[in-house]
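Examining the three-dimensional arrangement
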Amino acid sequence: MKAYRDIVIAGGGMVGASLALQLGAVLPEEMSICLVEGFPLPAPLAQGKLDYHPSFDARSTALSYSSRLIYEKLQIWDELQQWLCPIESIHVSTRGHFGSSLLQAAEYDWPALGYVVENAWLGNALLQAVYRQGRVEVCSPARVLAAAPRGQGMRLQLEGMADEVMDTALLLVADGATSGLRDQLGVAVQEKSYRQHALIANVAFDQAHKGCAFERFTDQGPVALLPLLPSSPGEHRSALVWTLAPEQAEHLQTAPAEEFLRALQDRFGYRLGRLRHVGERHSYPLALVQSSEQVRQGVVVMGNAAHALHPVAGQGYNLALRDVAQLGAVVAQGVSSGRPVGDLALLQRYLQRQQPDQSRTIQFSDQLPGLFMHGDPVLGIARDLALSGLDILPALKREFVRHTAGLAALGDGVGAGVAKGGINNTGEQRSG
(Lines give C-alpha, C1' and ligand atoms only; values in the text may rest on other atoms or scores of the structure.)
Protein backbone atom coordinates (compact mmCIF):
# COMPACT_ATOMS: atom_id res chain seq x y z
CA MET A 1 0.00 0.00 0.00
CA LYS A 2 1.40 3.39 -1.05
CA ALA A 3 1.62 6.34 1.30
CA TYR A 4 -0.92 9.08 0.63
CA ARG A 5 -1.27 12.76 1.51
CA ASP A 6 -4.04 15.04 0.24
CA ILE A 7 -1.55 17.86 -0.42
CA VAL A 8 2.24 17.81 -0.78
CA ILE A 9 4.20 21.08 -0.81
CA ALA A 10 7.60 20.67 -2.48
CA GLY A 11 9.82 23.40 -1.05
CA GLY A 12 10.02 24.65 2.52
CA GLY A 13 11.25 28.20 1.95
CA MET A 14 9.24 31.31 2.77
CA VAL A 15 6.63 30.63 0.07
CA GLY A 16 6.32 26.95 0.97
CA ALA A 17 5.97 27.72 4.69
CA SER A 18 3.36 30.39 3.92
CA LEU A 19 1.45 27.86 1.80
CA ALA A 20 1.52 25.40 4.68
CA LEU A 21 0.18 28.01 7.10
CA GLN A 22 -2.51 29.23 4.70
CA LEU A 23 -3.81 25.78 3.75
CA GLY A 24 -3.60 24.54 7.31
CA ALA A 25 -5.77 27.47 8.37
CA VAL A 26 -8.54 27.13 5.76
CA LEU A 27 -8.86 23.41 4.98
CA PRO A 28 -10.70 20.78 7.04
CA GLU A 29 -8.56 19.13 9.73
CA GLU A 30 -9.07 15.68 8.26
CA MET A 31 -7.14 16.70 5.13
CA SER A 32 -3.46 15.70 5.29
CA ILE A 33 -0.78 18.21 4.27
CA CYS A 34 2.93 17.42 3.93
CA LEU A 35 5.77 19.97 3.53
CA VAL A 36 8.94 18.52 1.95
CA GLU A 37 12.24 20.44 2.05
CA GLY A 38 15.67 19.30 0.82
CA PHE A 39 17.70 21.31 3.37
CA PRO A 40 17.57 20.53 7.11
CA LEU A 41 14.98 22.76 8.76
CA PRO A 42 15.10 23.98 12.37
CA ALA A 43 13.31 21.78 14.87
CA PRO A 44 10.27 22.98 16.83
CA LEU A 45 11.21 25.18 19.79
CA ALA A 46 10.07 23.93 23.14
CA GLN A 47 9.64 27.43 24.54
CA GLY A 48 7.99 28.60 21.33
CA LYS A 49 10.16 31.72 20.95
CA LEU A 50 13.07 32.28 18.58
CA ASP A 51 16.39 33.45 19.97
CA TYR A 52 17.38 35.69 17.06
CA HIS A 53 20.21 38.19 16.69
CA PRO A 54 20.28 40.44 13.59
CA SER A 55 23.41 40.22 11.45
CA PHE A 56 24.81 43.17 9.53
CA ASP A 57 25.06 41.01 6.40
CA ALA A 58 21.65 39.34 6.62
CA ARG A 59 19.64 39.27 3.39
CA SER A 60 16.22 40.88 3.63
CA THR A 61 12.78 41.00 2.00
CA ALA A 62 10.45 43.98 1.66
CA LEU A 63 6.90 43.10 2.68
CA SER A 64 4.17 45.24 1.15
CA TYR A 65 1.13 46.47 3.05
CA SER A 66 -0.93 43.71 1.40
CA SER A 67 1.49 41.12 2.83
CA ARG A 68 0.93 42.55 6.29
CA LEU A 69 -2.82 42.03 5.88
CA ILE A 70 -2.28 38.42 4.77
CA TYR A 71 0.07 37.61 7.65
CA GLU A 72 -2.28 39.26 10.13
CA LYS A 73 -5.05 37.01 8.89
CA LEU A 74 -2.72 34.03 9.53
CA GLN A 75 -1.93 35.38 13.03
CA ILE A 76 1.81 35.53 12.40
CA TRP A 77 2.25 39.31 12.16
CA ASP A 78 2.64 39.99 15.88
CA GLU A 79 5.54 37.57 16.05
CA LEU A 80 7.24 39.12 13.03
CA GLN A 81 7.06 42.67 14.35
CA GLN A 82 10.07 42.47 16.66
CA TRP A 83 12.50 42.41 13.73
CA LEU A 84 10.57 44.48 11.18
CA CYS A 85 11.78 47.88 10.01
CA PRO A 86 8.78 49.96 8.84
CA ILE A 87 9.04 51.82 5.53
CA GLU A 88 7.46 55.14 6.49
CA SER A 89 8.29 56.89 3.22
CA ILE A 90 9.70 56.16 -0.25
CA HIS A 91 11.76 58.72 -2.15
CA VAL A 92 11.77 58.17 -5.92
CA SER A 93 14.19 60.17 -8.08
CA THR A 94 16.17 60.14 -11.32
CA ARG A 95 19.88 60.96 -11.32
CA GLY A 96 20.52 64.13 -13.35
CA HIS A 97 16.82 65.02 -13.75
CA PHE A 98 14.40 67.24 -11.83
CA GLY A 99 11.58 64.74 -11.40
CA SER A 100 11.14 63.21 -7.95
CA SER A 101 8.38 62.19 -5.58
CA LEU A 102 8.04 61.40 -1.89
CA LEU A 103 5.46 58.79 -0.90
CA GLN A 104 4.53 58.89 2.79
CA ALA A 105 2.49 56.44 4.83
CA ALA A 106 1.09 59.27 6.96
CA GLU A 107 -0.71 60.70 3.92
CA TYR A 108 -2.88 57.56 3.83
CA ASP A 109 -3.25 57.03 7.59
CA TRP A 110 -1.29 53.78 7.27
CA PRO A 111 1.20 52.63 9.90
CA ALA A 112 3.74 52.05 7.08
CA LEU A 113 3.97 51.66 3.30
CA GLY A 114 5.78 48.38 3.82
CA TYR A 115 8.24 46.58 6.06
CA VAL A 116 11.75 45.16 5.68
CA VAL A 117 12.49 41.88 7.42
CA GLU A 118 15.57 39.68 7.48
CA ASN A 119 14.94 36.43 5.59
CA ALA A 120 16.34 34.23 8.36
CA TRP A 121 13.90 35.69 10.87
CA LEU A 122 10.92 35.54 8.51
CA GLY A 123 11.63 31.96 7.42
CA ASN A 124 12.15 30.67 10.96
CA ALA A 125 9.14 32.53 12.35
CA LEU A 126 6.91 31.07 9.61
CA LEU A 127 8.21 27.56 10.23
CA GLN A 128 7.68 27.78 14.00
CA ALA A 129 4.13 29.00 13.29
CA VAL A 130 3.60 25.90 11.12
CA TYR A 131 4.78 23.70 13.99
CA ARG A 132 2.49 25.45 16.48
CA GLN A 133 -0.48 25.17 14.12
CA GLY A 134 -0.02 21.41 14.21
CA ARG A 135 -1.76 20.75 10.89
CA VAL A 136 1.18 20.11 8.57
CA GLU A 137 3.66 17.23 8.52
CA VAL A 138 7.16 18.65 7.96
CA CYS A 139 9.67 16.32 6.26
CA SER A 140 13.29 17.55 6.16
CA PRO A 141 15.80 16.88 4.77
CA ALA A 142 13.81 15.17 2.03
CA ARG A 143 13.06 15.83 -1.63
CA VAL A 144 10.44 15.17 -4.26
CA LEU A 145 12.62 13.74 -7.03
CA ALA A 146 9.92 13.21 -9.64
CA ALA A 147 6.19 13.34 -10.17
CA ALA A 148 3.85 11.74 -12.68
CA PRO A 149 0.07 11.69 -13.13
CA ARG A 150 -1.71 8.91 -11.29
CA GLY A 151 -5.47 8.78 -11.65
CA GLN A 152 -6.79 12.22 -10.70
CA GLY A 153 -3.67 13.05 -8.70
CA MET A 154 0.09 12.60 -8.80
CA ARG A 155 2.52 9.85 -7.82
CA LEU A 156 5.72 11.17 -6.27
CA GLN A 157 9.19 9.65 -6.06
CA LEU A 158 10.78 10.73 -2.77
CA GLU A 159 14.23 10.81 -1.23
CA GLY A 160 15.00 10.98 2.47
CA MET A 161 11.62 9.70 3.69
CA ALA A 162 10.47 6.34 4.99
CA ASP A 163 8.15 6.03 2.01
CA GLU A 164 9.92 6.30 -1.34
CA VAL A 165 6.62 6.55 -3.21
CA MET A 166 3.68 8.74 -2.25
CA ASP A 167 0.38 9.53 -3.95
CA THR A 168 -1.22 12.93 -3.56
CA ALA A 169 -4.30 14.72 -4.83
CA LEU A 170 -2.44 18.03 -5.14
CA LEU A 171 1.27 18.77 -5.60
CA LEU A 172 2.36 22.36 -4.98
CA VAL A 173 5.73 23.11 -6.63
CA ALA A 174 7.47 25.84 -4.61
CA ASP A 175 11.17 24.98 -4.95
CA GLY A 176 12.42 28.25 -6.47
CA ALA A 177 13.21 29.95 -9.76
CA THR A 178 15.50 27.12 -10.92
CA SER A 179 12.93 24.50 -9.93
CA GLY A 180 14.16 21.02 -10.79
CA LEU A 181 10.71 19.56 -10.16
CA ARG A 182 9.10 22.01 -12.57
CA ASP A 183 11.63 20.97 -15.22
CA GLN A 184 11.08 17.27 -14.50
CA LEU A 185 7.35 17.77 -15.04
CA GLY A 186 8.12 19.20 -18.48
CA VAL A 187 6.78 22.66 -17.70
CA ALA A 188 8.53 25.09 -20.03
CA VAL A 189 9.65 28.54 -18.91
CA GLN A 190 9.87 31.81 -20.76
CA GLU A 191 12.97 33.77 -19.83
CA LYS A 192 13.73 37.38 -20.71
CA SER A 193 17.25 38.42 -19.80
CA TYR A 194 17.74 42.05 -18.76
CA ARG A 195 21.46 41.74 -19.58
CA GLN A 196 22.21 43.21 -16.15
CA HIS A 197 23.16 41.94 -12.71
CA ALA A 198 21.84 42.86 -9.29
CA LEU A 199 24.60 43.65 -6.82
CA ILE A 200 23.27 43.24 -3.29
CA ALA A 201 24.84 44.18 0.03
CA ASN A 202 24.06 45.97 3.25
CA VAL A 203 25.59 49.40 3.75
CA ALA A 204 25.84 51.91 6.60
CA PHE A 205 25.58 55.71 6.38
CA ASP A 206 26.46 58.65 8.59
CA GLN A 207 22.83 59.65 9.02
CA ALA A 208 19.70 57.79 10.09
CA HIS A 209 17.35 56.68 7.31
CA LYS A 210 14.28 57.49 9.47
CA GLY A 211 12.34 54.69 7.83
CA CYS A 212 12.83 56.06 4.29
CA ALA A 213 13.39 53.77 1.32
CA PHE A 214 15.07 55.19 -1.77
CA GLU A 215 14.55 54.26 -5.42
CA ARG A 216 17.18 56.14 -7.42
CA PHE A 217 17.07 55.64 -11.19
CA THR A 218 20.28 56.18 -13.13
CA ASP A 219 21.34 55.75 -16.75
CA GLN A 220 23.10 52.52 -15.71
CA GLY A 221 20.16 51.08 -13.79
CA PRO A 222 18.20 51.63 -10.57
CA VAL A 223 19.74 51.87 -7.10
CA ALA A 224 17.38 50.77 -4.33
CA LEU A 225 18.06 51.23 -0.62
CA LEU A 226 15.70 49.76 1.97
CA PRO A 227 15.77 50.75 5.65
CA LEU A 228 16.99 48.12 8.11
CA LEU A 229 17.15 47.88 11.87
CA PRO A 230 20.55 48.78 13.34
CA SER A 231 23.17 46.06 13.73
CA SER A 232 26.86 46.41 14.59
CA PRO A 233 28.93 47.79 12.89
CA GLY A 234 26.18 49.77 11.15
CA GLU A 235 23.81 51.78 13.30
CA HIS A 236 22.28 53.41 10.20
CA ARG A 237 21.94 50.29 8.05
CA SER A 238 20.21 49.91 4.67
CA ALA A 239 19.81 47.03 2.22
CA LEU A 240 21.19 47.81 -1.23
CA VAL A 241 20.00 46.41 -4.56
CA TRP A 242 22.13 47.98 -7.32
CA THR A 243 21.40 47.14 -10.95
CA LEU A 244 24.54 47.19 -13.11
CA ALA A 245 26.06 45.88 -16.31
CA PRO A 246 27.51 42.39 -15.67
CA GLU A 247 31.13 43.51 -15.94
CA GLN A 248 30.55 46.44 -13.56
CA ALA A 249 28.80 44.21 -11.03
CA GLU A 250 31.62 41.67 -11.22
CA HIS A 251 34.25 44.35 -10.68
CA LEU A 252 32.47 46.13 -7.80
CA GLN A 253 31.64 42.85 -6.08
CA THR A 254 35.33 42.20 -5.47
CA ALA A 255 36.69 45.77 -5.45
CA PRO A 256 38.19 47.18 -2.24
CA ALA A 257 35.52 48.56 0.10
CA GLU A 258 36.75 52.14 -0.33
CA GLU A 259 36.39 51.95 -4.13
CA PHE A 260 32.93 50.39 -3.84
CA LEU A 261 31.72 53.07 -1.43
CA ARG A 262 33.03 55.87 -3.65
CA ALA A 263 31.23 54.43 -6.69
CA LEU A 264 27.96 54.02 -4.79
CA GLN A 265 28.23 57.50 -3.27
CA ASP A 266 28.57 58.92 -6.78
CA ARG A 267 25.46 57.07 -7.96
CA PHE A 268 23.27 57.69 -4.91
CA GLY A 269 24.43 61.04 -3.59
CA TYR A 270 24.52 62.35 -0.02
CA ARG A 271 20.87 62.11 1.05
CA LEU A 272 21.96 60.03 4.05
CA GLY A 273 25.38 61.60 4.42
CA ARG A 274 28.60 59.74 3.78
CA LEU A 275 28.71 55.99 3.28
CA ARG A 276 30.74 54.37 6.05
CA HIS A 277 30.60 50.61 5.69
CA VAL A 278 29.68 47.84 3.25
CA GLY A 279 29.25 44.20 4.17
CA GLU A 280 29.34 41.04 2.11
CA ARG A 281 28.56 41.61 -1.57
CA HIS A 282 26.75 39.20 -3.88
CA SER A 283 25.50 39.49 -7.45
CA TYR A 284 23.21 37.52 -9.73
CA PRO A 285 21.96 37.90 -13.31
CA LEU A 286 18.58 39.57 -13.75
CA ALA A 287 15.86 37.96 -15.82
CA LEU A 288 12.09 37.74 -15.95
CA VAL A 289 11.27 34.03 -15.66
CA GLN A 290 7.69 32.86 -16.17
CA SER A 291 6.33 29.35 -16.16
CA SER A 292 4.36 28.55 -19.32
CA GLU A 293 1.92 26.57 -17.14
CA GLN A 294 0.92 27.22 -13.57
CA VAL A 295 -1.83 24.63 -13.14
CA ARG A 296 -2.46 21.07 -14.28
CA GLN A 297 -4.70 18.38 -12.90
CA GLY A 298 -3.29 17.86 -9.41
CA VAL A 299 -0.42 20.37 -9.79
CA VAL A 300 0.12 24.09 -9.08
CA VAL A 301 3.44 25.89 -9.67
CA MET A 302 3.96 28.62 -7.07
CA GLY A 303 6.39 31.37 -6.04
CA ASN A 304 9.57 31.96 -8.03
CA ALA A 305 8.99 28.67 -9.84
CA ALA A 306 5.91 30.34 -11.37
CA HIS A 307 7.29 33.87 -11.84
CA ALA A 308 10.63 35.42 -10.88
CA LEU A 309 10.61 39.22 -11.30
CA HIS A 310 13.05 42.10 -11.61
CA PRO A 311 13.74 43.26 -8.02
CA VAL A 312 13.39 47.01 -8.81
CA ALA A 313 9.99 47.44 -7.18
CA GLY A 314 10.29 44.64 -4.61
CA GLN A 315 7.12 42.97 -5.89
CA GLY A 316 8.16 39.33 -6.37
CA TYR A 317 7.62 37.86 -2.91
CA ASN A 318 4.53 39.97 -2.27
CA LEU A 319 2.93 38.73 -5.48
CA ALA A 320 3.76 35.15 -4.48
CA LEU A 321 2.08 35.71 -1.12
CA ARG A 322 -1.07 37.05 -2.79
CA ASP A 323 -1.02 33.91 -4.97
CA VAL A 324 -0.88 31.85 -1.77
CA ALA A 325 -3.86 33.71 -0.27
CA GLN A 326 -5.91 33.39 -3.45
CA LEU A 327 -5.14 29.67 -3.83
CA GLY A 328 -6.17 29.06 -0.24
CA ALA A 329 -9.44 30.93 -0.71
CA VAL A 330 -10.39 29.11 -3.93
CA VAL A 331 -9.37 25.63 -2.77
CA ALA A 332 -11.18 26.02 0.57
CA GLN A 333 -14.34 27.13 -1.23
CA GLY A 334 -14.09 24.21 -3.66
CA VAL A 335 -13.49 21.59 -0.96
CA SER A 336 -16.42 22.90 1.10
CA SER A 337 -18.67 22.37 -1.93
CA GLY A 338 -17.43 18.82 -2.48
CA ARG A 339 -14.81 19.36 -5.20
CA PRO A 340 -11.57 17.32 -5.13
CA VAL A 341 -8.66 19.47 -3.96
CA GLY A 342 -6.67 18.77 -7.14
CA ASP A 343 -9.56 19.25 -9.57
CA LEU A 344 -8.33 21.00 -12.72
CA ALA A 345 -11.40 23.22 -13.05
CA LEU A 346 -10.91 24.36 -9.44
CA LEU A 347 -7.23 25.14 -9.98
CA GLN A 348 -8.03 26.98 -13.20
CA ARG A 349 -10.49 29.11 -11.23
CA TYR A 350 -7.63 30.12 -8.92
CA LEU A 351 -5.45 31.07 -11.87
CA GLN A 352 -8.25 32.98 -13.59
CA ARG A 353 -8.81 35.05 -10.45
CA GLN A 354 -5.13 35.70 -9.82
CA GLN A 355 -3.90 36.30 -13.37
CA PRO A 356 -4.95 39.99 -13.53
CA ASP A 357 -2.84 40.68 -10.43
CA GLN A 358 0.06 38.67 -11.85
CA SER A 359 -0.13 40.45 -15.21
CA ARG A 360 -0.25 43.94 -13.66
CA THR A 361 2.59 43.26 -11.26
CA ILE A 362 4.85 41.54 -13.78
CA GLN A 363 4.28 44.27 -16.36
CA PHE A 364 4.99 46.99 -13.78
CA SER A 365 8.23 45.34 -12.61
CA ASP A 366 9.31 44.58 -16.17
CA GLN A 367 8.75 48.02 -17.71
CA LEU A 368 9.79 50.32 -14.87
CA PRO A 369 13.61 49.97 -15.20
CA GLY A 370 13.53 50.48 -18.98
CA LEU A 371 11.35 53.57 -18.67
CA PHE A 372 13.91 55.31 -16.48
CA MET A 373 16.95 54.16 -18.48
CA HIS A 374 15.55 55.32 -21.83
CA GLY A 375 17.72 58.06 -23.34
CA ASP A 376 15.02 59.81 -25.40
CA PRO A 377 14.95 63.48 -24.13
CA VAL A 378 11.24 63.90 -24.87
CA LEU A 379 10.42 60.74 -22.93
CA GLY A 380 12.75 61.95 -20.18
CA ILE A 381 10.78 65.19 -19.77
CA ALA A 382 7.49 63.31 -19.75
CA ARG A 383 8.89 60.88 -17.18
CA ASP A 384 10.09 63.70 -14.91
CA LEU A 385 6.75 65.48 -15.17
CA ALA A 386 4.98 62.24 -14.30
CA LEU A 387 7.14 61.77 -11.21
CA SER A 388 6.56 65.35 -10.13
CA GLY A 389 2.88 64.95 -10.91
CA LEU A 390 2.55 62.28 -8.24
CA ASP A 391 3.04 65.02 -5.67
CA ILE A 392 0.75 67.46 -7.50
CA LEU A 393 -2.17 65.07 -8.18
CA PRO A 394 -3.27 63.27 -4.98
CA ALA A 395 -5.63 60.84 -6.75
CA LEU A 396 -2.88 59.67 -9.12
CA LYS A 397 -0.43 59.34 -6.25
CA ARG A 398 -2.89 57.35 -4.14
CA GLU A 399 -3.53 54.89 -6.97
CA PHE A 400 0.22 54.49 -7.55
CA VAL A 401 0.77 53.80 -3.84
CA ARG A 402 -2.13 51.32 -3.74
CA HIS A 403 -0.56 49.46 -6.64
CA THR A 404 2.93 49.30 -5.16
CA ALA A 405 1.49 48.30 -1.77
CA GLY A 406 -0.39 45.42 -3.42
CA LEU A 407 -3.79 46.72 -2.32
CA ALA A 408 -5.12 47.14 -5.86
CA ALA A 409 -5.11 43.34 -6.08
CA LEU A 410 -7.07 42.88 -2.87
CA GLY A 411 -10.42 44.02 -4.13
CA ASP A 412 -11.92 40.61 -4.87
CA GLY A 413 -11.64 37.17 -3.29
CA VAL A 414 -8.29 37.71 -1.62
CA GLY A 415 -9.27 41.12 -0.29
CA ALA A 416 -12.51 39.81 1.13
CA GLY A 417 -10.72 36.95 2.86
CA VAL A 418 -7.96 39.15 4.23
CA ALA A 419 -10.18 42.00 5.33
CA LYS A 420 -11.92 39.99 8.04
CA GLY A 421 -10.04 40.74 11.23
CA GLY A 422 -7.52 42.78 9.27
CA ILE A 423 -6.88 46.52 9.02
CA ASN A 424 -9.23 49.13 7.70
CA ASN A 425 -8.11 52.09 5.62
CA THR A 426 -7.32 54.13 8.71
CA GLY A 427 -4.64 51.62 9.70
CA GLU A 428 -6.48 50.65 12.91
CA GLN A 429 -7.10 47.10 14.08
CA ARG A 430 -10.65 45.87 13.92
CA SER A 431 -12.12 42.63 15.20
CA GLY A 432 -13.55 39.94 12.98
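Just above sits the structure.
Residues numbered from 1 in each chain as written. Predicted model: local features only at pLDDT ≥ 70, side-chain atom pairs only at ≥ 80, totals over all residues. Heavy atoms only, no water.

Let us look at the packing of helix H1 (residues 14–26) against helix H8 (residues 316–336). Interhelical geometry of H1 versus H8 gives an angle of 25 degrees and a closest axis separation of 9 Å. Classed by the angle they form, the pair H1 and H8 counts as roughly parallel. Between H1 and H8 the crossing geometry is right-handed. Across the interface between the two elements, Met 14, Val 15, Ser 18, Leu 19, Gln 22, Leu 23 and Val 26 of H1 pack against Tyr 317, Ala 320, Leu 321, Val 324, Ala 325, Leu 327, Gly 328 and Ala 332 of H8. Grouping the amino acids of the contact of H1 with H8 by side-chain chemistry returns 12 nonpolar, three polar and no charged. (Axes fitted to C-alpha atoms, helices over the stretch in contact; angles between N-to-C directions. Helix = DSSP H or I, 4+ residues; strand = E, 2+ residues; numbered from the N terminus. Parallel < 35°, antiparallel > 145°, perpendicular 65-115°, else oblique. Left-handed = near helix turned anticlockwise from the far one by under 90°. Contact = heavy atoms within 4.5 Å. Nonpolar A, V, L, I, M, F, W, Y, C, P; charged D, E, K, R; others polar.)

All right, on to the pattern of salt bridges then. Counted by the stated rule, this structure contains 13 salt bridges. Across the pair Arg 143 and Glu 159 runs a salt bridge whose closest N-O atoms are separated by 3.2 Å. Of this pair, Arg 143 sits in strand E9 (residues 143–150) while Glu 159 sits in strand E10 (residues 153–159), and the two are 16 residues apart along the sequence. As a salt-bridge pair, Lys 192 and Asp 366 come within 2.9 Å of each other at their nearest N and O atoms. (Salt bridge = Lys/Arg side-chain N within 4 Å of Asp/Glu carboxyl O.)

The next point concerns the pairing of strand E15 (residues 237–244). Most of E15 sits inside the fold, with eight of its eight residues counted as buried. Going residue by residue along E15, you find Arg 237, Ala 239, Val 241 and Thr 243 tucked away on one face and Ser 238, Leu 240, Trp 242 and Leu 244 tucked away on the opposite face as well. Two strands pair when backbone bridges link them, and strand E12 (residues 189–205) and E15 are joined in this way by eight bridges, in the antiparallel orientation. Bridge assignment links His 197 to a residue of E15, and that residue is Leu 244. Both strand E14 (residues 221–227) and E15 contribute to a ladder of five bridges, which runs antiparallel. Among the inter-strand pairings, Val 223 is bridged to a residue of E15, identified as Trp 242. (Buried < 20%, exposed > 50% of the residue type's maximum accessible area, 1.4 Å probe, protein only. Pairing = 2+ DSSP bridges.)

Here helix H2 (residues 65–73) crosses H8 at 35 degrees, and the two axes come no closer than 9 Å. Here H2 runs over H8; the crossing is left-handed. Each of Ser 66, Ser 67, Ile 70 and Tyr 71 in H2 lies in contact with H8, whose residues at this interface are Tyr 317, Asn 318, Leu 321, Arg 322 and Ala 325. Partitioned by chemical class, the residues of the contact of H2 with H8 number five nonpolar, three polar and one charged.

What follows is about the pairing of E9. Two faces make up the sheet, and in a regular strand the side chains alternate between them. Relative to E10, E9 runs antiparallel, the two sharing seven bridges. Paired with Arg 150 across the bridge in E10 is Gly 153. The turn joining E9 and E10, which pair antiparallel and follow one another in sequence, is formed by two residues; a positive phi near 65 degrees is taken by Gly 151.

Turning our eyes to something else, we now look at the packing of aromatic side chains. Inspection of every chain in the model, using the stated rule, returns six aromatic pairs. Ring centres of Tyr 65 and Trp 110 lie 4.7 Å apart, and the angle between their planes is 5 degrees; this geometry places the pair in the stacked category. Highlighted residues: Tyr 65 in helix H2 and Trp 110 in the loop between strand E6 (100–104) and strand E7 (114–118), separated in sequence by 45 residues. Exposure class is identical for Tyr 65 and Trp 110. Each is buried. Arranged with centres 5.8 Å apart and planes meeting at 70 degrees, the rings of Trp 242 and Phe 260 form a pair that is edge-to-face. Residue Trp 242 is located in strand E15, and its partner Phe 260 is located in helix H7 (residues 257–268); the two are separated by 18 residues in the primary sequence. Owing to a relative accessible area of 1%, Trp 242 belongs among the buried residues under this scheme. Judged by its relative accessible area of 0%, Phe 260 falls in the buried class. These aromatic residues form a ring-pair network of at least three members: Phe 205, Phe 214 and Phe 268. Taking NZ or CZ as reference, Arg 271 lies 5.8 Å from the ring centre of Phe 268, over its face. Over the aromatic face of Phe 260 sits the side chain of Arg 281, whose NZ or CZ is 5.0 Å from the ring centroid. (Phe/Tyr/Trp six-rings, centres within 6.5 Å; stacked < 30°, edge-to-face > 60°. Lys NZ or Arg CZ within 6 Å of the ring centre and 35° of its normal.)

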